[in-house]
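Inside the fold
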Amino acid sequence: MLVGEARAAAKEWVSASAARMPGFRGAFFSGSTAALLPDSILSNESDVDVVVVVASSNGPPKLGKFRYEDALLDVSYLPWNQLAHLDKVARSYQLAPSFSSNQVIADPTGHLDRLYRAISAGFADPEAVRRRCESAITKLESGLAAIDSTAVWHEQVTAWMFPTSITTHVVLVAALRNPTVRLRYLAAREVLYEHEKDALYETLLELLGCADCDRPCVQRHLDELSEVFDQAVAVAKTPFSFSGDITPDGRPVAIDGSQQLIDNGDHREAVFWLIATYVRCQKILSADAPPSLRHPGSLRFCSAVRELLGVHDIAGLFRRRDALSKLLPVLSDAAASITNRSGS
């Protein structure tokens, strides 16, 4: 399927479904496909991210991944108040990219178009880029500070891993690239190699823990995750924000997408999303599975974290957190250097 065809399907879904919701305030494209040309091929491992703006300050839970006219859509909801203030949106490294070009799908109030016109005009300005890099670092720091030492292991792992991985977003934001989710390490590698900062990239992988992982090890754990994923799909009942991703429709992204990375020789870059998917499966199994599935799934998860990330307890996570805190000045300097070169 072509990107343009998938985006057309997304627009039709918005018109047929989302626009009929009470409190609908608009919709826009987000994510990696926003930067692709309409005649580009959309791989089976990619989806089209759609953000539906709603009046409610809480909003409904994320709808997640589903097929619509053969296109794989990933739909989330965003409260109107998060877009109300132009300056806050412009500073947000997650929201501003969607308004750097015209990604508006529906705009009954005209506000999304105003955001696009204002933000796109100065999106590449070095000072604007610096502010977005700062917002990424702030989110990283606040996330690491919020790790709960009393939480269960899979919650601790994800509470540490996602803020740690925002290091890649700092790099991508500095280079005016989309701060992608699943492929964040692969995308950051491209930027850092382009700017001759190979050593920094290796350091980011070391902080995650997968710098020395070999392909057979990653493959083995993906094979095991594939089985656990199917078990989680079969028993899932409790609603989670990510429930739409742990489904048959979500499998091409979660499992096949990681396999493609391994097949391409990017096995280290596959580790982040492999573990992220494992955590989601653990949450489902913990809530809905019988002990006969829950316990083996937990053992497999712990093995994957130990062998792919090199940690096995909260003390290890805190040591990684402290090491990352010491690296932040170096990361900030690298981002400033990339911004200066990208803007020149």
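In short, a report on the structure. By convention here, each chain's residues receive numbers from 1 onward along its written sequence. In keeping with the model being predicted, local features are shown solely for residues with a pLDDT of at least 70 and side-chain atom pairs are shown and tallied solely at 80 or more, while totals for entire chains, interfaces and linings include all residues. As a rule here, side-chain values cover all heavy atoms of the structure and leave hydrogens and water aside.

1. Focus on the nonpolar core
- Grouping buried Ala, Val, Leu, Ile, Met, Phe, Trp, Tyr and Cys residues that are joined through side-chain atoms within 4.5 Å yields what is termed a nonpolar core. Burial classes follow relative accessibility: with a 1.4 Å probe on protein chains only, a residue under 20% of its type's maximum area counts as buried, one over 50% as exposed, and anything between as partly exposed. In terms of nonpolar packing, the biggest core is built from 75 residues, with Ile-275, Leu-308 and Leu-309 touching the most fellow members.
- Put simply, DSSP H or I for four residues or longer makes a helix, DSSP E for two residues or longer makes a strand, and each gets a number counted from the N terminus. The dominant element in this core, judged by the number of residues it contributes, is helix α10 (residues 267-288), at 12 residues.
- Formed by 23 residues, the second largest nonpolar core is a distinct cluster that contains Ala-18, Phe-24, Leu-73 and Ile-105.

2. Focus: the layout of surface pockets
- Buriedness for pockets is judged along seven lines, at least five of which must meet protein on both sides within 12 Å for an open set on the 1 Å grid over protein atoms alone, while cavities are sets there where a 1.4 Å probe fits but cannot get out, and lining residues have an atom within 4 Å of a point. Grid points are joined across faces, edges and corners, and a volume is the space filled by probe spheres set on the points. In this structure, the second largest pocket spans a volume of roughly 170 Å³.
- For the lining of the second largest pocket, the secondary-structure elements that each account for two or more residues are α4 (126-145) and α12 (314-343).
- By residue class, the composition of the lining of the second largest pocket is 5 nonpolar, 3 polar and 2 charged. Any residue outside Ala, Val, Leu, Ile, Met, Phe, Trp, Tyr, Cys, Pro, Asp, Glu, Lys and Arg is labelled polar, Gly included; the first ten of those are nonpolar and the last four are charged.

3. Examining unusual backbone geometry
- Here Glu-69, not a glycine, exhibits a phi torsion of approximately 50°, which is positive.
- When you line up the elements, Glu-69 lands in the loop between β3 (64-68) and β4 (71-79).
- Despite not being glycine, Leu-176 has its phi angle at roughly 60°, a positive value.
- Structurally, Leu-176 can be placed in the loop between α5 (153-174) and α6 (184-194).
- With relative accessibility at 34%, the residue Leu-176 sits in the partly exposed group.

4. Things to note about empty space enclosed by the protein
- This model, assessed by the stated rule, comprises 3 cavities of 30 Å³ or more.
- By volume, the largest cavity is sized at about 50 Å³.
- Surrounding the largest cavity, Lys-65, Asp-245, Ile-246, Gly-250, Val-253, Ala-254, Trp-273, Thr-277 and Arg-280 form its lining.
- When residues of the lining of the largest cavity are traced back to their parent elements, those giving at least two are α9 (251-263) and α10.
- Broken down by element, the residue count for the lining of the largest cavity peaks at 3 residues, all from α10.
- Looking at the lining of the largest cavity residue by residue, the classes come out as 4 nonpolar, 2 polar and 3 charged.
- Here the second largest cavity defines a volume of roughly 30 Å³.
- Of the residues assigned to the lining of the second largest cavity, the class counts are 6 nonpolar, no polar and 2 charged.

5. Notes on the pairing of strand β2 (residues 48-54)
- With respect to burial, β2 is a largely interior element, 7 of its 7 residues being buried.
- Side chains Val-48, Val-50, Val-52 and Val-54 project from β2 onto one buried face, and the interleaved Asp-49, Val-51 and Val-53 project onto a second face that is buried too.
- Pairing analysis gives 6 bridges linking strand β1 (residues 24-30) to β2, with the strands arranged antiparallel. Bridging across to β2, Gly-26 finds its partner in Val-53. Pairing between strands requires that DSSP locate at least two bridges from one strand to the other.

6. A closer look at the packing of aromatic side chains
- In this analysis, rings of Phe, Tyr and Trp, with Trp reduced to its six-membered ring, are considered paired at centre separations within 6.5 Å, and the interplanar angle assigns stacked below 30 degrees, edge-to-face beyond 60, and tilted for intermediate values. Scanning the entire structure with this criterion turns up 8 aromatic pairs.
- Arranged with centres 5.2 Å apart and planes meeting at 70°, the rings of Phe-162 and Phe-272 form a pair that is edge-to-face. Here Phe-162, found in helix α5, pairs with Phe-272, found in helix α10; they are 110 residues apart in sequence, far enough to count as distant.
- Judged by relative accessible area, which is 26%, Phe-162 ranks as partly exposed.
- An aromatic cluster of at least three residues, connected via ring pairs, comprises Phe-162, Tyr-185, Phe-272 and Trp-273.
- Only Lys NZ and Arg CZ are tested; either one counts as a charge over a ring when it is within 6 Å of the ring centre and within 35 degrees of the ring normal. A cation over an aromatic ring shows up here: Arg-7 above the ring of Phe-29, its NZ or CZ 4.0 Å from the ring centre.
- Lying across the ring of Phe-123, Arg-132 places its NZ or CZ 3.7 Å from the centre.

7. What to know about the environment of Asp-148
- For Asp-148, the position within the fold is in the loop between α4 and α5.
- Taking the C-alpha atoms as reference points, Asp-148 and Ile-314, separated by 166 residues in sequence, lie 9.2 Å from one another.
- Any pair of N or O atoms that falls within 3.5 Å is considered a polar contact. Within protein, one atom must be able to donate a hydrogen and the other to accept it, and sequence-neighbouring residues count only if both atoms are side-chain atoms. Of the polar contacts made by the side chain of Asp-148, one reaches the side chain of Thr-150; its length is 2.6 Å.

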